[in-house]
Amino acid sequence: MEDTEHENLDGTASQHINGLLGSGMPPATIKSKEGYLANTTCTGTNPVLVDRVDQGTQTHIRCFSPQLCIDLVDTLSDEQITGELARIHDDIGAFIETRCTKKKRENSLKQHFKHVLMTDGDTLTKRLNHLTLNFSRHVGEANSQMEELKKNIDAAQTLIADLQAPVTVPERGDNTLISSPAPPLSPSGTPCSSLKQGNPCPYELYEGNPFGEFTADILDSVTDYDRDFGNRKTAYYGELPYKYGGSHHKARDIVSNPYLKSIIDKLKQLPDLPVSSNSFLVTKYDSNNANIPPHSDNEPSIDPSSSILTITLGGPRPVVFRRKPPGEYEKVSITPEHGSLYIMSRSSQRYFDHSVPRISREEFKGTRISITCRTLDDNEFQVKISES
Ligand SMILES: O=C(O)CCC(=O)C(=O)O
Ligand SMILES: [Fe+2]
(Lines give C-alpha, C1' and ligand atoms only; values in the text may rest on other atoms or scores of the structure.)
(Ligands and ions follow the chains in the order given, each with its own letter.)
Protein backbone atom coordinates (compact mmCIF):
# COMPACT_ATOMS: atom_id res chain seq x y z
CA MET A 1 0.00 0.00 0.00
CA GLU A 2 1.29 3.46 -0.79
CA ASP A 3 1.69 6.32 1.62
CA THR A 4 -1.48 8.35 1.63
CA GLU A 5 -2.12 12.07 1.79
CA HIS A 6 -4.47 13.04 4.57
CA GLU A 7 -5.90 16.21 6.03
CA ASN A 8 -4.53 17.24 9.40
CA LEU A 9 -6.97 18.44 12.01
CA ASP A 10 -6.00 21.99 11.30
CA GLY A 11 -6.69 21.57 7.59
CA THR A 12 -3.09 21.23 6.39
CA ALA A 13 -2.19 18.16 4.36
CA SER A 14 0.59 15.80 5.37
CA GLN A 15 1.68 12.29 4.56
CA HIS A 16 1.45 9.92 7.44
CA ILE A 17 2.91 6.62 8.38
CA ASN A 18 0.95 3.87 6.80
CA GLY A 19 2.29 0.48 7.84
CA LEU A 20 -1.10 -1.26 8.08
CA LEU A 21 -1.43 -3.91 10.70
CA GLY A 22 -1.62 -7.26 8.98
CA SER A 23 -1.36 -5.72 5.54
CA GLY A 24 2.02 -7.23 4.99
CA MET A 25 3.33 -3.84 3.89
CA PRO A 26 6.55 -2.47 5.31
CA PRO A 27 6.06 0.39 7.77
CA ALA A 28 6.36 3.79 6.14
CA THR A 29 8.80 6.32 7.47
CA ILE A 30 7.79 9.71 8.78
CA LYS A 31 7.87 12.20 5.95
CA SER A 32 10.71 14.66 6.25
CA LYS A 33 12.23 15.34 9.61
CA GLU A 34 12.28 12.25 11.82
CA GLY A 35 10.13 12.79 14.89
CA TYR A 36 10.89 11.63 18.38
CA LEU A 37 8.37 8.83 18.33
CA ALA A 38 9.84 7.18 15.29
CA ASN A 39 13.43 8.20 15.85
CA THR A 40 15.48 5.22 16.96
CA THR A 41 18.40 7.34 18.02
CA CYS A 42 16.10 9.11 20.43
CA THR A 43 14.32 6.17 22.03
CA GLY A 44 16.84 3.46 21.36
CA THR A 45 14.22 0.92 20.27
CA ASN A 46 11.83 2.81 18.01
CA PRO A 47 8.76 2.02 20.14
CA VAL A 48 6.12 2.96 17.56
CA LEU A 49 6.98 -0.01 15.41
CA VAL A 50 5.44 -3.26 16.65
CA ASP A 51 6.18 -6.78 15.53
CA ARG A 52 3.32 -8.67 13.89
CA VAL A 53 2.93 -11.87 11.96
CA ASP A 54 0.95 -11.33 8.77
CA GLN A 55 -1.81 -13.97 8.77
CA GLY A 56 -2.00 -14.14 5.00
CA THR A 57 1.67 -14.71 4.31
CA GLN A 58 2.84 -15.81 7.76
CA THR A 59 5.71 -13.37 7.46
CA HIS A 60 7.10 -11.36 10.29
CA ILE A 61 6.58 -7.64 9.78
CA ARG A 62 7.19 -4.44 11.69
CA CYS A 63 4.19 -2.16 11.74
CA PHE A 64 3.65 1.40 12.71
CA SER A 65 1.23 1.63 15.64
CA PRO A 66 -0.69 4.92 15.94
CA GLN A 67 -2.19 3.65 19.20
CA LEU A 68 1.27 3.27 20.70
CA CYS A 69 2.03 6.83 19.60
CA ILE A 70 -1.05 8.10 21.40
CA ASP A 71 0.00 6.26 24.56
CA LEU A 72 3.52 7.64 24.35
CA VAL A 73 2.54 11.28 23.95
CA ASP A 74 2.14 11.61 27.76
CA THR A 75 5.73 10.52 28.28
CA LEU A 76 7.20 13.14 25.92
CA SER A 77 8.97 16.26 27.06
CA ASP A 78 7.86 19.71 25.95
CA GLU A 79 10.68 19.82 23.47
CA GLN A 80 9.81 16.39 22.07
CA ILE A 81 6.16 17.38 21.60
CA THR A 82 7.20 20.52 19.74
CA GLY A 83 9.51 18.40 17.57
CA GLU A 84 6.70 15.99 16.74
CA LEU A 85 4.34 18.86 15.90
CA ALA A 86 7.02 20.42 13.73
CA ARG A 87 7.18 17.19 11.80
CA ILE A 88 3.44 17.30 11.20
CA HIS A 89 2.91 21.01 10.62
CA ASP A 90 4.91 22.95 8.11
CA ASP A 91 4.19 26.31 9.65
CA ILE A 92 5.04 25.43 13.24
CA GLY A 93 5.40 29.12 14.23
CA ALA A 94 1.77 29.91 13.48
CA PHE A 95 0.69 26.67 15.09
CA ILE A 96 2.48 27.31 18.36
CA GLU A 97 0.93 30.76 18.47
CA THR A 98 -2.62 29.42 18.32
CA ARG A 99 -2.05 26.46 20.65
CA CYS A 100 0.31 27.76 23.24
CA THR A 101 -0.19 25.58 26.31
CA LYS A 102 1.62 22.26 26.62
CA LYS A 103 -1.68 20.48 27.28
CA LYS A 104 -3.14 21.84 24.03
CA ARG A 105 -0.08 20.76 22.09
CA GLU A 106 -0.23 17.33 23.70
CA ASN A 107 -3.89 17.02 22.72
CA SER A 108 -3.18 18.17 19.20
CA LEU A 109 -0.51 15.49 18.84
CA LYS A 110 -2.88 12.83 20.20
CA GLN A 111 -5.59 14.04 17.81
CA HIS A 112 -3.19 13.65 14.95
CA PHE A 113 -2.44 10.01 15.79
CA LYS A 114 -6.15 9.29 16.42
CA HIS A 115 -6.84 10.57 12.95
CA VAL A 116 -4.10 8.32 11.57
CA LEU A 117 -5.58 5.43 13.51
CA MET A 118 -9.05 6.04 12.09
CA THR A 119 -7.83 6.55 8.57
CA ASP A 120 -5.83 3.36 8.81
CA GLY A 121 -8.95 1.64 10.19
CA ASP A 122 -10.98 2.76 7.17
CA THR A 123 -8.27 1.66 4.79
CA LEU A 124 -8.10 -1.66 6.53
CA THR A 125 -11.87 -2.16 6.25
CA LYS A 126 -11.79 -1.30 2.56
CA ARG A 127 -8.93 -3.68 2.01
CA LEU A 128 -10.72 -6.39 3.95
CA ASN A 129 -13.91 -5.92 1.91
CA HIS A 130 -11.86 -6.09 -1.25
CA LEU A 131 -10.19 -9.30 -0.11
CA THR A 132 -13.54 -10.82 0.94
CA LEU A 133 -14.99 -10.03 -2.48
CA ASN A 134 -12.01 -11.57 -4.23
CA PHE A 135 -12.22 -14.57 -1.97
CA SER A 136 -15.94 -15.18 -2.70
CA ARG A 137 -15.24 -14.86 -6.40
CA HIS A 138 -12.50 -17.47 -6.13
CA VAL A 139 -14.77 -19.77 -4.09
CA GLY A 140 -17.51 -19.40 -6.74
CA GLU A 141 -15.07 -20.22 -9.52
CA ALA A 142 -13.66 -23.16 -7.58
CA ASN A 143 -17.17 -24.53 -6.99
CA SER A 144 -18.13 -24.44 -10.65
CA GLN A 145 -14.80 -26.04 -11.57
CA MET A 146 -15.55 -28.73 -9.01
CA GLU A 147 -18.99 -29.37 -10.59
CA GLU A 148 -17.35 -29.63 -14.01
CA LEU A 149 -14.78 -32.02 -12.59
CA LYS A 150 -17.51 -34.20 -11.04
CA LYS A 151 -19.26 -34.43 -14.41
CA ASN A 152 -15.98 -35.41 -16.06
CA ILE A 153 -15.32 -38.04 -13.41
CA ASP A 154 -18.84 -39.45 -13.94
CA ALA A 155 -18.30 -39.58 -17.68
CA ALA A 156 -14.88 -41.17 -17.24
CA GLN A 157 -16.27 -43.79 -14.85
CA THR A 158 -19.01 -44.67 -17.32
CA LEU A 159 -16.44 -45.00 -20.07
CA ILE A 160 -14.23 -47.20 -17.91
CA ALA A 161 -17.23 -49.35 -16.93
CA ASP A 162 -18.14 -49.69 -20.60
CA LEU A 163 -14.62 -50.60 -21.56
CA GLN A 164 -14.32 -53.16 -18.76
CA ALA A 165 -17.63 -54.83 -19.58
CA PRO A 166 -17.29 -58.11 -21.40
CA VAL A 167 -18.04 -57.44 -25.04
CA THR A 168 -18.48 -60.32 -27.41
CA VAL A 169 -17.91 -59.06 -30.89
CA PRO A 170 -20.76 -60.60 -32.82
CA GLU A 171 -20.20 -62.63 -35.94
CA ARG A 172 -21.89 -61.36 -39.08
CA GLY A 173 -25.51 -62.36 -38.91
CA ASP A 174 -25.29 -63.28 -35.24
CA ASN A 175 -28.16 -61.53 -33.55
CA THR A 176 -27.46 -62.42 -29.96
CA LEU A 177 -27.09 -60.18 -26.96
CA ILE A 178 -23.72 -58.46 -26.54
CA SER A 179 -22.84 -60.45 -23.45
CA SER A 180 -23.17 -63.82 -21.90
CA PRO A 181 -24.89 -65.75 -20.47
CA ALA A 182 -27.47 -65.87 -23.20
CA PRO A 183 -30.88 -67.01 -21.99
CA PRO A 184 -33.17 -69.03 -24.26
CA LEU A 185 -34.64 -66.99 -27.03
CA SER A 186 -38.31 -66.52 -27.54
CA PRO A 187 -39.73 -69.12 -29.89
CA SER A 188 -41.72 -66.36 -31.51
CA GLY A 189 -39.37 -65.71 -34.40
CA THR A 190 -35.97 -64.10 -34.69
CA PRO A 191 -35.74 -60.79 -32.87
CA CYS A 192 -33.95 -57.80 -34.33
CA SER A 193 -34.70 -58.89 -37.88
CA SER A 194 -35.06 -55.21 -38.75
CA LEU A 195 -31.48 -54.49 -37.72
CA LYS A 196 -28.84 -54.54 -40.39
CA GLN A 197 -27.16 -57.88 -40.71
CA GLY A 198 -24.17 -58.03 -38.43
CA ASN A 199 -25.50 -55.61 -35.86
CA PRO A 200 -25.92 -57.16 -32.42
CA CYS A 201 -29.39 -57.17 -30.90
CA PRO A 202 -29.82 -54.90 -27.86
CA TYR A 203 -32.28 -57.18 -26.07
CA GLU A 204 -33.18 -60.80 -25.64
CA LEU A 205 -36.58 -62.25 -24.81
CA TYR A 206 -36.83 -64.96 -22.20
CA GLU A 207 -38.78 -67.92 -23.46
CA GLY A 208 -42.49 -67.96 -22.60
CA ASN A 209 -44.22 -65.63 -20.19
CA PRO A 210 -42.84 -66.76 -16.82
CA PHE A 211 -44.70 -64.06 -14.85
CA GLY A 212 -48.14 -64.68 -16.38
CA GLU A 213 -49.58 -65.66 -12.99
CA PHE A 214 -49.02 -62.14 -11.55
CA THR A 215 -51.22 -59.14 -12.31
CA ALA A 216 -50.54 -55.45 -12.88
CA ASP A 217 -53.65 -54.56 -10.85
CA ILE A 218 -52.50 -56.29 -7.67
CA LEU A 219 -48.94 -55.00 -7.99
CA ASP A 220 -50.31 -51.50 -8.52
CA SER A 221 -52.57 -51.68 -5.47
CA VAL A 222 -49.79 -52.78 -3.10
CA THR A 223 -47.06 -50.51 -4.45
CA ASP A 224 -46.17 -47.23 -2.80
CA TYR A 225 -44.84 -45.05 -5.65
CA ASP A 226 -42.04 -42.75 -4.55
CA ARG A 227 -41.68 -40.63 -7.70
CA ASP A 228 -44.16 -39.06 -10.08
CA PHE A 229 -42.33 -37.93 -13.22
CA GLY A 230 -45.55 -36.59 -14.73
CA ASN A 231 -45.22 -39.01 -17.64
CA ARG A 232 -44.86 -42.09 -15.40
CA LYS A 233 -44.76 -43.12 -11.76
CA THR A 234 -41.99 -45.16 -10.20
CA ALA A 235 -41.37 -47.09 -7.00
CA TYR A 236 -37.88 -48.15 -6.09
CA TYR A 237 -36.82 -51.08 -3.90
CA GLY A 238 -33.24 -52.13 -3.23
CA GLU A 239 -30.52 -52.49 -0.67
CA LEU A 240 -28.63 -49.50 -2.09
CA PRO A 241 -29.98 -46.12 -3.10
CA TYR A 242 -30.23 -45.59 -6.84
CA LYS A 243 -29.23 -42.42 -8.65
CA TYR A 244 -29.93 -41.80 -12.34
CA GLY A 245 -30.49 -38.85 -14.63
CA GLY A 246 -30.89 -36.31 -11.84
CA SER A 247 -33.20 -38.55 -9.82
CA HIS A 248 -32.35 -40.16 -6.54
CA HIS A 249 -34.20 -43.04 -4.90
CA LYS A 250 -33.59 -43.98 -1.31
CA ALA A 251 -32.88 -47.57 -0.42
CA ARG A 252 -36.04 -49.48 0.54
CA ASP A 253 -36.26 -53.09 1.61
CA ILE A 254 -38.22 -55.19 -0.88
CA VAL A 255 -39.79 -57.13 2.01
CA SER A 256 -42.04 -54.10 2.48
CA ASN A 257 -43.76 -55.18 -0.78
CA PRO A 258 -44.37 -58.96 -0.44
CA TYR A 259 -46.16 -59.22 -3.79
CA LEU A 260 -43.20 -57.68 -5.62
CA LYS A 261 -40.88 -59.90 -3.59
CA SER A 262 -42.75 -63.01 -4.77
CA ILE A 263 -42.27 -61.84 -8.38
CA ILE A 264 -38.54 -61.38 -7.80
CA ASP A 265 -38.31 -64.75 -6.01
CA LYS A 266 -39.76 -66.29 -9.16
CA LEU A 267 -37.24 -64.42 -11.30
CA LYS A 268 -34.40 -65.82 -9.20
CA GLN A 269 -35.66 -69.35 -9.78
CA LEU A 270 -35.81 -69.15 -13.56
CA PRO A 271 -33.54 -71.72 -15.18
CA ASP A 272 -30.54 -70.55 -17.22
CA LEU A 273 -30.78 -67.09 -15.75
CA PRO A 274 -28.36 -66.35 -12.92
CA VAL A 275 -29.82 -63.26 -11.26
CA SER A 276 -27.72 -61.06 -9.01
CA SER A 277 -30.12 -58.09 -9.13
CA ASN A 278 -30.27 -55.98 -5.98
CA SER A 279 -32.25 -53.05 -7.36
CA PHE A 280 -35.86 -53.11 -8.55
CA LEU A 281 -37.62 -50.23 -10.24
CA VAL A 282 -41.38 -50.48 -10.71
CA THR A 283 -42.65 -48.15 -13.46
CA LYS A 284 -46.31 -47.52 -14.16
CA TYR A 285 -47.58 -46.40 -17.58
CA ASP A 286 -51.25 -45.74 -16.91
CA SER A 287 -52.27 -43.81 -20.02
CA ASN A 288 -51.42 -43.55 -23.69
CA ASN A 289 -49.37 -40.48 -22.84
CA ALA A 290 -47.29 -42.19 -20.18
CA ASN A 291 -43.78 -42.77 -21.53
CA ILE A 292 -40.09 -42.99 -20.81
CA PRO A 293 -37.92 -41.00 -23.23
CA PRO A 294 -34.91 -42.50 -25.02
CA HIS A 295 -32.08 -43.20 -22.57
CA SER A 296 -29.41 -45.77 -21.78
CA ASP A 297 -29.10 -47.49 -18.45
CA ASN A 298 -25.43 -46.61 -18.29
CA GLU A 299 -25.04 -45.09 -14.84
CA PRO A 300 -21.66 -45.83 -13.31
CA SER A 301 -23.50 -47.26 -10.30
CA ILE A 302 -24.71 -50.22 -12.38
CA ASP A 303 -22.28 -53.11 -12.16
CA PRO A 304 -20.51 -53.49 -15.54
CA SER A 305 -21.45 -57.14 -15.63
CA SER A 306 -25.08 -56.53 -14.67
CA SER A 307 -27.89 -57.73 -16.86
CA ILE A 308 -30.84 -55.35 -16.98
CA LEU A 309 -33.97 -57.47 -16.78
CA THR A 310 -37.44 -56.07 -17.41
CA ILE A 311 -40.64 -57.85 -16.45
CA THR A 312 -43.87 -56.67 -18.06
CA LEU A 313 -47.29 -56.91 -16.43
CA GLY A 314 -50.52 -55.56 -17.94
CA GLY A 315 -51.26 -53.84 -21.22
CA PRO A 316 -48.91 -54.01 -24.20
CA ARG A 317 -46.56 -51.09 -24.90
CA PRO A 318 -43.88 -50.99 -27.56
CA VAL A 319 -40.31 -50.65 -26.32
CA VAL A 320 -38.10 -49.02 -28.94
CA PHE A 321 -34.34 -49.56 -29.20
CA ARG A 322 -32.19 -47.25 -31.29
CA ARG A 323 -28.65 -47.78 -32.37
CA LYS A 324 -26.62 -44.76 -31.30
CA PRO A 325 -24.51 -42.79 -33.76
CA PRO A 326 -21.91 -43.00 -35.19
CA GLY A 327 -23.35 -45.14 -37.90
CA GLU A 328 -26.93 -45.55 -38.92
CA TYR A 329 -29.71 -44.60 -36.52
CA GLU A 330 -31.43 -47.96 -36.76
CA LYS A 331 -34.52 -48.72 -34.72
CA VAL A 332 -35.91 -51.99 -33.53
CA SER A 333 -38.94 -52.39 -31.32
CA ILE A 334 -40.65 -55.13 -29.34
CA THR A 335 -43.96 -55.21 -27.56
CA PRO A 336 -43.35 -57.35 -24.50
CA GLU A 337 -46.43 -59.37 -23.56
CA HIS A 338 -48.00 -59.59 -20.12
CA GLY A 339 -45.82 -61.86 -17.95
CA SER A 340 -42.79 -61.63 -20.25
CA LEU A 341 -39.18 -60.83 -19.51
CA TYR A 342 -36.76 -59.02 -21.76
CA ILE A 343 -33.08 -58.67 -21.02
CA MET A 344 -30.47 -56.11 -21.94
CA SER A 345 -26.80 -56.23 -21.05
CA ARG A 346 -25.08 -53.32 -19.36
CA SER A 347 -22.58 -53.24 -22.20
CA SER A 348 -25.30 -52.96 -24.86
CA GLN A 349 -26.17 -49.55 -23.34
CA ARG A 350 -23.03 -48.27 -24.97
CA TYR A 351 -24.47 -48.89 -28.42
CA PHE A 352 -28.23 -48.54 -27.96
CA ASP A 353 -30.75 -46.40 -26.18
CA HIS A 354 -34.32 -47.46 -25.44
CA SER A 355 -37.66 -45.83 -24.74
CA VAL A 356 -41.33 -46.54 -24.18
CA PRO A 357 -42.92 -43.89 -26.40
CA ARG A 358 -46.38 -42.34 -26.18
CA ILE A 359 -49.06 -44.12 -28.18
CA SER A 360 -52.45 -43.05 -29.51
CA ARG A 361 -55.55 -43.34 -27.34
CA GLU A 362 -56.87 -46.05 -29.60
CA GLU A 363 -53.71 -48.08 -29.21
CA PHE A 364 -53.83 -47.93 -25.41
CA LYS A 365 -55.11 -51.24 -24.06
CA GLY A 366 -54.59 -50.80 -20.32
CA THR A 367 -51.99 -49.94 -17.70
CA ARG A 368 -48.56 -51.48 -18.15
CA ILE A 369 -46.28 -51.95 -15.17
CA SER A 370 -42.67 -52.85 -15.75
CA ILE A 371 -40.19 -54.06 -13.15
CA THR A 372 -36.59 -53.32 -14.12
CA CYS A 373 -33.98 -55.29 -12.20
CA ARG A 374 -30.35 -54.27 -12.04
CA THR A 375 -27.22 -55.09 -10.10
CA LEU A 376 -25.89 -51.98 -8.46
CA ASP A 377 -22.28 -51.76 -7.51
CA ASP A 378 -21.57 -50.85 -3.92
CA ASN A 379 -18.92 -48.38 -5.02
CA GLU A 380 -18.09 -44.77 -4.28
CA PHE A 381 -21.15 -43.56 -6.18
CA GLN A 382 -23.48 -45.26 -3.78
CA VAL A 383 -24.36 -44.11 -0.31
CA LYS A 384 -24.99 -46.98 2.05
CA ILE A 385 -28.53 -47.44 3.43
CA SER A 386 -27.39 -46.23 6.84
CA GLU A 387 -26.28 -42.89 5.39
CA SER A 388 -29.28 -42.30 3.14
O1 LIG B 1 -40.65 -50.07 -19.01
C2 LIG B 1 -39.74 -50.50 -19.69
O3 LIG B 1 -39.82 -51.48 -20.41
C4 LIG B 1 -38.42 -49.73 -19.67
C5 LIG B 1 -38.06 -49.11 -18.37
C6 LIG B 1 -36.75 -48.49 -18.43
O7 LIG B 1 -36.18 -48.29 -19.45
C8 LIG B 1 -36.05 -48.08 -17.21
O9 LIG B 1 -36.59 -48.15 -16.13
O10 LIG B 1 -34.88 -47.63 -17.32
FE1 LIG C 1 -34.06 -47.98 -19.13
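Everything numeric here is computed off the predicted structure, so don't read it as measured data.

Definitions and limits used
Residues numbered from 1 in each chain as written. Chains lettered and ligands numbered in written order. Predicted model: local features only at pLDDT ≥ 70, side-chain atom pairs only at ≥ 80, totals over all residues. Helix = DSSP H or I, 4+ residues; strand = E, 2+ residues; numbered from the N terminus. Contact = placed C-beta atoms within 7 Å. Buried ≥ 20, exposed ≤ 12 C-beta atoms within 10 Å, placed from the backbone. Arc of directions from axis to C-beta. Near = placed C-beta within 6 Å. Nonpolar A, V, L, I, M, F, W, Y, C, P; charged D, E, K, R; others polar. pLDDT = per-residue confidence, 0-100. Pairing = 2+ DSSP bridges. Axes fitted to C-alpha atoms, helices over the stretch in contact; angles between N-to-C directions. Expected span 1.5 Å × (residues − 1).

Enquirer: Hey, could you run me through the overall build of the protein in this one?
Expert: The secondary structure content of the protein amounts to seven helices and 17 strands. Within the protein, counting contacts between residues at least 6 apart in sequence, those at least 24 apart form 71% of the total.

Enquirer: So what exactly am I meant to see when it comes to helix α3 (residues 78–88) here?
Expert: An α-helix turns once per 3.6 residues; consequently, residues spaced three or four apart project the same way. All of the buried residues in α3 are E84, R87 and I88. The buried side chains of α3 occupy one side of the element, clustering within an arc of 100 degrees when seen end-on. Seen from the buried face of α3, the exposed residues on the opposite side, beyond 90 degrees, are D78 and E79.

Enquirer: Is there a simple way to think about the site of ligand 1 in this case?
Expert: Taken together, L281, T283, I292, D297, T310, V319, H354, V356, S370 and T372 are the residues near ligand 1. Counting residues per element, the ones that place at least two in the shell around ligand 1 are β10 (279–285), β16 (352–356) and β17 (368–374). Of the residues assigned to the shell around ligand 1, the class counts are four nonpolar, five polar and one charged.

Enquirer: Looking at this model, I keep getting lost on the confidence of the model for the protein. Mind explaining?
Expert: In the predicted model, the protein carries a mean pLDDT of 74, and 63% of its residues have values of at least 70. Ranking the elements of the protein by mean pLDDT puts strand β1 (residues 5–7) last, at 31, and β17 first, at 98. For residues 40–45, every residue scores under 50 in pLDDT, and the model assigns this stretch two contacts once sequence neighbours within four places are set aside. This prediction of the complex comes with two scores: 0.54 for pTM and 0.99 for ipTM.

Enquirer: Please clarify how the sheet that holds strand β6 (residues 227–228) should be interpreted in this entry.
Expert: By definition, the strands of a sheet pair up through backbone hydrogen bonds, in either a parallel or an antiparallel sense. Strand order in the open sheet formed by seven strands is β5-β15-β12-β17-β10-β7-β6, with antiparallel pairing between adjacent strands. Each edge of the open sheet carries a strand with a single partner, namely β5 (204–205) and β6.

Enquirer: What is the right way to read the sheet that holds strand β11 (residues 292–295) from this model?
Expert: The strand order across the open sheet formed by four strands is β11-β16-β13-β14, and the pairing between neighbours is antiparallel. Each end of this open sheet is capped by a strand with a single partner; those strands are β11 and β14 (331–334). Each strand of the sheet is rotated relative to its neighbour by a mean of 15 degrees, with strand direction disregarded. Where strand β13 (residues 319–323) lies against β14, four bridges are found, and the strand directions are antiparallel. Looking at β14, one finds that V319 is bridged to I334.

Enquirer: So what exactly am I meant to see when it comes to the pairing of β16 here?
Expert: Residues in a regular strand project their side chains so that they alternate between the two faces of the sheet. Of the two faces of β16, only one is covered, namely that formed by F352, H354 and V356; the face formed by D353 and S355 stays uncovered. Judged from the two bridges that link them, β11 and β16 form a sheet pairing that is antiparallel. Across the sheet, H295 pairs through a bridge with H354, a residue of β16.

Enquirer: Please explain unusual backbone geometry as it appears in this structure.
Expert: Trans peptide bonds make up the majority, and among non-glycine residues the majority have a negative phi. Even without being glycine, D272 reaches a positive phi, approximately 60 degrees. Within the secondary structure layout, D272 lies in the loop between α7 (258–269) and β10.

Enquirer: I keep staring at the environment of S360 and nothing clicks. Help me out?
Expert: Position of S360 relative to the elements: it lies in the loop between β16 and β17. S360 gets classed as exposed once you count the C-beta atoms within 10 Å, which come to 8. Taking the C-alpha atoms as reference, S360 lies 5.9 Å from N288; in sequence the two are 72 residues apart.

Enquirer: It is not clear to me how α7 should be interpreted in this structure. Could you clarify?
Expert: If you check α7, its first and last C-alpha atoms are 16 Å apart, about what twelve residues at 1.5 Å a residue would give, namely 16 Å. Every buried residue of α7 is listed here: L260, I263 and L267. All buried residues of α7 fall inside an arc of 60 degrees around its axis, so they share one side. Every exposed residue of α7 that faces more than 90 degrees away from the buried side is listed here: P258, S262, D265, K268 and Q269. Packed against the buried residues of α7 are α6 (216–222), β7 (233–238), β10, β12 (307–314) and β17.

Enquirer: Looking at this structure, I do not really get the environment of L219. What am I missing?
Expert: Relative to the helices and strands, L219 resides in helix α6. Residues contacting L219, with those up to four places away along its chain left out, are F214, Y259, L260, L313 and I369.

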